[in-house]
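Chains, contacts and geometry: an overview
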Amino acid sequence: MTLVLSARDVRRDYPVAGTPVHAVRGISLDVHAGEWVAIVGPSGCGKSTLLNLLGAIDRPSAGSITIAGRDVARLGDAEATRFRLTGVGFVFQRFYLMPTLTAAENVELPMAEAKVPRVEREARARELLGYVGLAGRADHRPFQLSGGEQQRVAIARALANRPALLLADEPTGELDARTGTEVIALLDRLNRDGTTIVTVTHDEELAQAARRVVHVRDGAIVDDVVRRPLPPAAPADGAARR
Amino acid sequence: MPLALLAAVLPGPPVCAQAAPVVPRTVTIDERLAAAAALAVGDRVLLAPEAGGPGDTVTIAAITRRGADPSEVARSEYRVRLHLDHLQRLAGTGDRVGRFAVASAPGVAPESVAAAIDAAAFGFRAYPAAAVAIETSATFRVVNRFHRAIGIITIVASAIFLLCITLLKVDERRRDVGALRLLGLSRATVVRAVVLEAALVSLVGSAMGAGLGWAASALVNWHYQGVYATPLRFAIVTPGIVAFAVTLSLGLGLVSGWVAAQRLVRRAPLELVGR
Ligand SMILES: Nc1ncnc2c1ncn2[C@@H]1O[C@H](COP(=O)(O)OP(=O)(O)OP(=O)(O)O)[C@@H](O)[C@H]1O
Ligand SMILES: [Mg+2]
């Protein structure tokens, strides 16, 4: 099995005046290709902080993070930006779609930044929007889409540059139960088709859908349960991704 | 005025049939007098040095339009022109002339003509028309400088205002900028997008401003040309002014867009989206 993510003794301290906050206190975690890991835990236990570290949005105070062979913890700002563009796909609780762009343009945006030729990125955006069930909404702008549809566009966008890993922080946090279920079903389909996923969530339904659940408390892993093992014929190429 | 033209504007029989035929002399009046006294070309009027006193009956040969001379705009007097000998006879002061104009032949420098006249006789002082114009327009040059000062103050104040507006408007987009940065768009891309948008906005803005300025100047001219009965243009929008406005606005747009974008991309993306 190919190791996609390997975190070793990762720490993140926020230097707050008085008592510094130790948001992540020595987390080690391995994620293999094709896995779907849900990180759960009480509010404030450091889940988002950890995911931001994995996604090169933030830098750890100590420890190492290797994703698809790259040491993410030591990247400079420009390299981290580049890594966020092509190395990982990030899905946010609040979608963060560009309000002035259509769904298709939102999906194309990371590809345009990565200098993917226009024809190619238009085709890929169409393919991805079809995959998330929004083929007919390509020319709609975010305000014309429901929350669930916006999140599906955001998932399509996160996959645009074929990242090694999909990270999602509370992807159902802004959605009602029904649209949340749709998004969970989409993540499940993505994972079955080979996408490696790490989600952070409070959503019990989302946690139940994942193959593996990692429990975090006070910045440390307290439990790690594999609920659905990877099928024996796991993708051979390692860079299993849609 | 050519004699042929004078003859053409003298229709009708002589006034006095039995005496030696007296052909009335001709005068020209200006538009303002024509309008005020309801006179037209061909009308005969009594021209006298003093109101109610004896004078000559004259024919109005032409109605003149005032030149676009700012020094005459505010004068409400009427202007009547008559032949020099006629004027001298009517005024009873023959042989006295305050000033007169000499037209130089094409290609002859007015300065050399003025010098020749000055050298020819004592008691004359000849000035080229340009020197007279400069002399009489001194007031307008002061007014002009005053306008320029007001213009500069306006431009500086509105530039600061626009800079602040741009900063605020771009700052309103900090969540979008933060999201773009989280997605992996580089600082340079974000700055380029913001600067490009600011440049486009300022180009469109300056085009609208130039159009508005043109419309305003047309309105001002229409109004005051009517009020003062003059072809003088009170407000002008020249290509130079438009070019200056567009350049200034584009420059301001580029600078303010760049400053605003820099302020944003320097901050951490997570801070920009407010977590
Ligand atoms: N920029 C920061 N400065 C100081 N402390 C911070 C900062 N960001 C997070 N923290 C603290 O770090 C801890 C972990 O925060 P984090 O956002 O990772 O929690 P979380 O598990 O995602 O919570 P939730 O489930 O509510 O989203 C919290 O105590 C929080 O107050
Ligand atoms: Mg969180």
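Residues numbered from 1 in each chain as written. Chains lettered and ligands numbered in written order. Predicted model: local features only at pLDDT ≥ 70, side-chain atom pairs only at ≥ 80, totals over all residues. Heavy atoms only, no water.

Helix and strand counts for chain B stand at 11 helices and 4 strands. Taken over C-alpha atoms, the radius of gyration comes to 32 Å for chain B, far larger than the 19 Å a tight globule of 275 residues would show. C-alpha extents for chain B along the principal axes are approximately 110 × 45 × 30 Å. The buried share among the 275 residues of chain B stands at 24%. (Helix = DSSP H or I, 4+ residues; strand = E, 2+ residues; numbered from the N terminus. Rg over C-alpha atoms; globule rule 2.2 N^0.38 Å. Buried < 20%, exposed > 50% of the residue type's maximum accessible area, 1.4 Å probe, protein only.)

To continue, consider the environment of S137 of chain B. Residue and element names in this part refer to chain B. Positionally, S137 belongs in the loop between α6 (129–136) and α7 (138–172). Relative accessible area serves as the criterion here: at 22%, S137 is assigned to the partly exposed category. There is a polar contact of 2.8 Å between the side chain of S137 and the backbone oxygen of A133. (Polar contact = N/O pair within 3.5 Å; in protein donor to acceptor, adjacent residues only side chain to side chain.)

Attention now moves to the confidence of the model for chain B. Close inspection of predicted coordinates is inappropriate in any region flagged by low pLDDT. Residues and elements named next belong to chain B. Residues of chain B with pLDDT of at least 70 account for 91%, and the chain-wide mean is 84. For chain B, the element scoring lowest by mean pLDDT is helix α1 (residues 3–8), at 34; helix α8 (residues 174–182) scores highest, at 94. Across residues 1–17, where pLDDT falls below 50, the model places 19 contacts with residues more than four positions away in sequence or in other chains. Note on the complex model: pTM 0.77, ipTM 0.91. (pLDDT = per-residue confidence, 0-100. Contact = heavy atoms within 4.5 Å.)

Take the pairing of strand β6 (residues 88–91) of chain A next. Residues in a regular strand project their side chains so that they alternate between the two faces of the sheet. All names here are of chain A. The alternating pattern of β6 places V88 and F90 and G89 and V91 on opposite faces, both of which are buried. Note: β6 against strand β7 (residues 165–169), 4 bridges, orientation parallel. Looking at β7, one finds that V91 is bridged to A168. (Pairing = 2+ DSSP bridges.)

The next thing to look at is the site of ligand 1. Taken together, 13 residues form the shell around ligand 1, and within it S43, G44, K47, S48 and T49 of chain A come nearest. With respect to ligand 1, the chains having nearby residues are chains A and B. In this structure, K47 of chain A approaches ligand 1 through a side-chain N or O atom, which is 2.7 Å from an oxygen atom. At 2.6 Å from an oxygen atom of ligand 1 is found a side-chain nitrogen or oxygen belonging to T49 of chain A. Listing elements by their share of the shell around ligand 1, those giving two or more residues are β2 (21–32) and α1 (47–54) of chain A. When the residues that make up the shell around ligand 1 are grouped by side-chain class, the tally is 5 nonpolar, 6 polar and 2 charged. (Near = heavy atom within 4 Å. Nonpolar A, V, L, I, M, F, W, Y, C, P; charged D, E, K, R; others polar.)

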